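Chain by chain, the residues run as shown.
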Amino acid sequence: MDVILFLIFAMIAVVCAINVVVQTHPISSAISLVGVMGSLAVLYLLLGAEFIAAAQVIVYAGAIMVLFVFVIMLLNAGAESKHGRSLVAQLLGAPLLVALLGLLAYFVERLYPRGVSVRFGGFTHGTPLDIGRALFTTYLLPFEATSILILIAIVGAIVLAWKEID
Amino acid sequence: MQLWLIPVLPLAGFLINGLFGRRFSKGAVNAVAIGSVALSFAWVLKTILALSPLAGAYSEHYFTWIRSGIVNIGCDLAVDRLTIVMLLVVTGVGAVIHVYSIGYMAHEGGYYRFFAFLNLFMFFMLVLVLASNYLVMFVGWEGVGLCSYLLIGFYFDKKFATDAGNKAFIVNRIGDFGFSLAMFYMVKNFGSLDFATVFKQAPGAPEATLTIIGLLLMLGACGKSAQLPLYVWLPDAMAGPTPVSALIHAATMVTAGVYMTARSWAIYAHAPAAAETVAIIGIATAFFAATIGLAQNDIKKVFAYSTVSQLGYMFLGVGCGAFSAGIYHLVTHAFFKALLFLGAGSVIHALSGEQDLRNMGGLRKKTPWTFWTMMCAAVAIAGVPPFAGFFSKDAILLAAHHYAPWMYWLGTITAGMTAFYVFRAMFLAFFGEYRGHEHPHESPPVMLVPLAVLALLSIGGGFALNVPEFLGTAGGEEDRALMAISTAAGVMGIALAWLMYVAKPGMADSFAASMRGLYTLVYNKYFVDEIYGAAVVNPLVGGSRAVLWKGVDVGLIDGAANGVGARARNIGSVLRLMQSGNIRSYATWVLFGSVVLIVALGIAGGLR
Amino acid sequence: MTEVPISWFLTLSAVLFVLGVAGFVFRRSVVTVFMSIELMLNAVNLSFVTFSYQLQQVNGHLFAFFVMVVAAAEAAVGLAIILTVFKNRATLNIDDVDSMKN
């Protein structure tokens, strides 16, 4: 049952990711990315990460992607134009990507030949209670720091886009 | 006892005259210079009286100069009988020559500078003589070389004078190299440079070690005392003022090598091969230089080669084991050679700068004082009894006969040649008719009194000062027959000179003409300078120019330095192409770097 | 088998990451490039949560959480920058934004 769930949603994620990269119009890429995030949320649930799954849907798919779609609307971004090129990217890009994937896969296989197996319910400490406890004790400093980070991001975004209002 | 006063008084004179002499009057400069040397001489006398009868060595330690590892070298001065002999010669003859210089340099520029350098020389020479370890002696050794350079090149606006100064210093350096190596070897083998320590350990050391040290020290002495093959600087050193030639290149500096060898006799006594080398070099130099002196026309050059020859005698004496005979000859030689040079200076002064014997003559009547005092020196150097040179030269020749008879015969022939060329110079200068164009006049008293003093010492110094007895190695059989033969050789030399230059004046020239080839060879000093130039100097200069300058300096070093800059520029212009401004290419490079990193981390982590 | 080997999750994460890099390297529209970056971040989040499961600790979830926060902030500021660049250069093609060339 878990395997089937994993396979289905992994397939969806990969197909949507390929779509993100392949589509010419940004809006299509954005929608595909939403699909990726959704399937990833299911996979998080499989891994027992309830809070993270919820946060993924709410924050990522619900806020960040919406922001992306708004900006695409604002910019009136159309299909991608084809001029301009980078020799380096064309020559080295594909081989390097293949090499990267190969390396990562190889290392994963070598490190976890018969490691732990995942089953739904195998991890029970992903509840908001556990997250909260860790967040406000061990990770208090990063928590406060990121809150300041968000403040800075807000201020920065406003400043950068200021002239738009005129 | 305050031994340090002996050298420091002339040093004070140097400092005062050197720093302030420009503003002093001549009288003030004289007072400082002569005063410092005279005071030093007085202090030497006081030391002698206070310490007599001195049997061993009396030393004073002032401060530790170098303490490093096994080496502990102090600034020590010591006095023993040998030192006393040298001190008296250096300060006494030095004072006399200082007085003479007042008159000689009266019309020359740089008056205060001359006396400053002369005082500096006295300081270094006294340090050399008073030293009680080899390193302090080396300080004095180098210092007198420096003063020699300064004084030879005193007329610094004349190129031949400055060249001669360079030559003297550079050839001396070759000798100093030998001295330095000897010192290193001594430290390695004996652990110290103190005379006392080294000489105590010398009898027990292996003979090879002592021979090496002895030969290296001899190399140093060859440089400083102008023996074969490093004598070439001494004749050229005549470019300096005549008092310099008298003091430095006759009486004191060149004898430093003899003194050092005599001081080290504990080493030579146990290294017969080295001692034999010293003796052979000595007699060879004596003979060789005497032959060159036969044909020279410049009066100072004649006496210069004579000095080289007499120094050879001294080394012969030391090498044969009769080091006290060598020192004896050093003392008497100081008297009559200084007198000969000062007299020559008086002649040159009388003739307003003429030095060529062929343009002199008949000065006997015009400059009588000079003539009679020089005659005293001439008979002394010829070895005529009972003058000074007879006793010292005979002591050496007797020791030579005892050591190796062929050295005695060669020495006797050389004695004959010595008498010949000295009297040739005397006859050419003082007899016959005047062949020049100047107006000869007698020198002022300030120059004549020193001549008289030295003349008295030349006459009576022989039997009045029995140096070997003083040094404790008197005795040795007196062989009347050998003494008679060497005296006869001297007298024959005088007679032959009389014949060729006074009785039959044209005989010399016809003799030279009939032996043209040999005469040219001898007159041009066997072309030794030219040989050295072609064999040693020019290859070195050429090699330096071609290899070291153009090859190494310009090619390698400049090339490396400039090359680094050029390479950096090249690499930079290649790397510049990476900055294309294109974000995608940047991203690709980041990807490339990350792949490399992953591979590296994997390998480092042990995954293959 | 009803259990998923953990290496599958990690391999999926690697695939998603490489796809994100491919999008970054090969796409010309700046918005698409940004979305590829978000894809990369998501892949990394998956891998954090996977490790957290393997180690049976909650720390990986916390990392993923912070990644999300930072990604949000970065998206906000980044999109603002894109707006500004679009206003100045009137282009969404990153190959045209090369005034740093040479």
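Thresholds, definitions, all that
Residues numbered from 1 in each chain as written. Chains lettered and ligands numbered in written order. Predicted model: local features only at pLDDT ≥ 70, side-chain atom pairs only at ≥ 80, totals over all residues. Helix = DSSP H or I, 4+ residues; strand = E, 2+ residues; numbered from the N terminus. Buried ≥ 20, exposed ≤ 12 C-beta atoms within 10 Å, placed from the backbone. Contact = placed C-beta atoms within 7 Å. Nonpolar A, V, L, I, M, F, W, Y, C, P; charged D, E, K, R; others polar. Axes fitted to C-alpha atoms, helices over the stretch in contact; angles between N-to-C directions. Parallel < 35°, antiparallel > 145°, perpendicular 65-115°, else oblique. Core = buried A, V, L, I, M, F, W, Y, C linked by C-beta atoms within 7 Å. Expected span 1.5 Å × (residues − 1). Pairing = 2+ DSSP bridges. pLDDT = per-residue confidence, 0-100.

Draft legend 1. Region of interest: the overall build of chain C. Looking only at helices and strands, chain C has three helices and one strand in total. Start at the N end of chain C and walk to the C end: the helices and strands fall as β-α-α-α. Residue burial in chain C is summarised as follows: out of 102 residues, 60% are buried.

Draft legend 2. Just the interface of chain B and chain A, in detail. Opposite the 11 residues of chain B that make contact, chain A presents 11 residues. Residues that form the side of chain B that touches chain A fall into these classes: six nonpolar, four polar and one charged.

Draft legend 3. Geometry of the packing of helix α1 (residues 5-20) of chain B against helix α2 (residues 26-51) of chain B. All names here are of chain B. Packing of α1 against α2 leaves a shortest axis separation of 8 Å and a crossing angle of 175°. Of the possible angle classes, the one that applies to α1 and α2 is roughly antiparallel. Two secondary-structure elements touch here, α1 through Leu-5, Ile-6, Leu-9, Pro-10, Ala-12, Gly-13, Ile-16 and Asn-17 and α2 through Val-29, Val-32, Ala-33, Ser-36, Val-37, Leu-39, Ser-40, Trp-43 and Val-44.

Draft legend 4. Main features of the nonpolar core. Judged by nonpolar contacts, the single largest core of 198 residues is most densely connected at B:Phe121, B:Ala338 and B:Leu339. Among the elements that make up this core, the one with the highest residue count is helix α4 (residues 111-130) of chain B (18 residues). With 89 residues, the next largest nonpolar core counts A:Leu100, A:Phe123, B:Ala587 and C:Val58 among its residues.

Draft legend 5. Looking closely at helix α5 (residues 134-152) of chain B. Under the 1.5 Å per step criterion, the end-to-end length of α5(B) is 26 Å for 19 residues, consistent within 8% with the ideal 27 Å. Buried residues dominate α5(B), accounting for 15 of its 19 residues.

Draft legend 6. A look at the interface of chain C and chain A. Contacts between the two partners involve 64 residues from chain C, matched on the other side by 75 residues from chain A. At 21 residues, helix α3 (residues 59-89) of chain C tops the list of elements feeding residues into the side of chain C that touches chain A. Counted by class, the side of chain C that touches chain A contains 44 nonpolar, 14 polar and six charged residues. Here strand β1 (residues 117-118) of chain A pairs with strand β1 (residues 4-5) of chain C via two bridges, running antiparallel.

Draft legend 7. Representation of the pairing of strand β1 (residues 58-68) of chain B within the structure. Residues and elements named next belong to chain B. Taken across its 11 residues, β1 has zero buried, putting it largely on the surface. Note that β1 and strand β2 (residues 71-79) share nine bridges and pair antiparallel. Residue pairing for β2: Thr-64 is matched across the bridge by Gly-74. The hairpin formed by β1 and β2 contains two residues between the paired strands, and Gly-69 there has a positive phi angle of roughly 65°.

Draft legend 8. Broad picture of the confidence of the model for chain A. Summarising the model, chain A shows a mean pLDDT of 88, and 96% of its residues fall at 70 or more. Here β1(A) stands out as the least confident element of chain A, with mean pLDDT 82; helix α2 (residues 26-46) of chain A is the most confident, with 94.

Draft legend 9. Representation of the environment of B:Ala274 within the structure. Residues and elements named next belong to chain B. Looking at the element boundaries, Ala-274 is found in helix α13 (residues 272-293). Under the C-beta neighbour-count criterion, Ala-274 is labelled buried, with 24 such atoms within 10 Å. In the structure, Ala-274 is positioned 62 residues away from Ile-212 in sequence and 7.6 Å away in space, judged by C-alpha atoms. Not counting residues up to four positions away in its chain, the partners in contact with Ala-274 are Leu-210, Thr-211, Gly-214, Leu-215, Met-218 and Tyr-268.

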